[in-house]
Amino acid sequence: MDKYDFEKEIKCILPHRFPMLLVDRVIEYKKADYLTAIKNVTINEDFFNGHFPNKAVMPGVLIIEAMAQASCLLLLKEAHLSEQAAANNDERLILLAGIEQARFKAPVVPGDQLVLHATLDKFKKNYAVFQCSARVDEGTVATATLKCMMK
């Protein structure tokens, strides 16, 4: 995979935009298998204004969303959505259909680099299941099984 080409594609593949785009870079990708991405967590994130003002912690729901976006990148990359397809309005939307076995093991705070890993577990027509994890440094901060539907 040419990392530069994939970086250009993130905004073409995902419909999310600031402040909801939670994937900064793809660092590893294996077709039809897995994708690893990063999210740089900064104090400038809007959610830190209220979660929590004196003890900034990234909300667990946004960690799940970041894992879901990494999963969507893998799935939509498999659907061959590229700049050309996006230019032709061939836009596919992935919706989160289920979250199972979500576990949070440590807080994520400003200055952390969240490493998101999504492995494709099952795929049928417009439905996929992913095994996901999020790490900071070498420690796992969250895990979940995510179910997604392509619309």
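Here the residue index of a chain counts from 1 through its sequence in written order. Whole-chain, interface and lining totals are the exception, using all residues; otherwise, since this is a predicted model, local features are given only for residues with pLDDT of at least 70 and side-chain atom pairs are given and counted only at 80 or more. The basis for every side-chain value is the complete set of non-hydrogen atoms in the structure, without hydrogens or water.

(A) Layout of the side chain of Ser 71. A run of DSSP states H or I qualifies as a helix once it reaches four residues; a run of E qualifies as a strand once it reaches two. Both are numbered from the N-terminal end. Relative to the helices and strands, Ser 71 resides in helix H2 (residues 60–78). Note on classification: 1.4 Å probe, protein chains only; a residue is buried when its accessible area is under 20% of the maximum for its type, exposed when over 50%, partly exposed between these limits. For Ser 71, a relative accessible area of 0% puts it in the buried group. Those residues in contact with Ser 71, other than ones at most four positions away along the chain, are Ala 118, Phe 130, Cys 132 and Leu 146. The contact criterion used is simple: two residues touch if any of their non-hydrogen atoms lie within 4.5 Å.

(B) Representation of the pairing of strand E1 (residues 25–30) within the structure. Alignment of E1 against strand E2 (residues 34–40), held across five bridges, turns out to be antiparallel. If you follow Lys 30 over to E2, its bridge partner there is Tyr 34. Strands were regarded as paired on the criterion that DSSP finds at least two bridges between them.

(C) Geometry of the sheet that holds E2. Spatially, the six strands line up as an open sheet ordered E1-E2-E4-E5-E6-E3, and their pairing is antiparallel. Edge strands, defined here as strands with exactly one partner in the open sheet, are E1 and strand E3 (94–104). Averaged over all pairs of adjacent strands, the angle between their axes in this sheet comes to 20 degrees, without regard to strand direction. With ten bridges joining them, strand E5 (residues 127–136) and strand E6 (residues 139–150) adopt antiparallel strand pairing. Following the sheet pairing, Gln 131 is matched in E6 by Thr 145. Only the contacting stretch of a helix is used when fitting its axis, a line to C-alpha atoms as for every element, and angles between N-to-C directions run 0 to 180 degrees.

(D) How the structure looks around the environment of Ala 97. Counting through the fold element by element, Ala 97 comes out in strand E3. Each C-alpha atom of the pair Ala 97 and Val 129 lies 9.5 Å from the other, and the pair is 32 residues apart in sequence. Ignoring any residue separated from it by four or fewer positions in sequence, one finds Ala 97 in contact with Lys 147, Cys 148 and Met 149.

(E) The arrangement of the environment of Met 67 in detail. Along the polypeptide, Met 67 turns up in helix H2. For the pair formed by Met 67 and Leu 22, sequence separation is 45 residues and the distance between their alpha carbons is 8.7 Å. Look past the residues within four positions of Met 67 in its chain and what remains in contact with it is Leu 116, Cys 132, Ser 133, Ala 134, Ala 142, Thr 143, Ala 144 and Leu 146.

(F) Looking closely at the pattern of salt bridges. The rule for a salt bridge is simple: a side-chain nitrogen of Lys or Arg has to be within 4 Å of a carboxyl oxygen of Asp or Glu. For the coordinates displayed, the defined rule picks out three salt bridges. Between Lys 30 and Asp 33 there is a salt bridge; the shortest N-O distance is 3.7 Å. According to the relative accessible area criterion, Lys 30 is partly exposed, its value standing at 45%. Here Asp 33 falls in the partly exposed class, since its relative accessible area comes to 27%.

(G) Inspection of the nonpolar core at higher detail. In this description, a nonpolar core means a group of buried Ala, Val, Leu, Ile, Met, Phe, Trp, Tyr and Cys residues linked to one another through side-chain atoms lying within 4.5 Å. Grouped together as the largest cluster of nonpolar side chains are 44 residues, with contacts concentrated most on Met 58, Met 67, Leu 114 and Phe 130. Of all the elements, H2 adds the most residues to this core, at twelve residues. For Leu 114, the contacting residues outside a window of four places in its chain are Ala 37, Ile 38, Lys 39, Val 41, Met 58, Ile 63, Val 108, Ala 134, Arg 135, Val 136 and Val 141.

In short, geometric facts, not functional conclusions.
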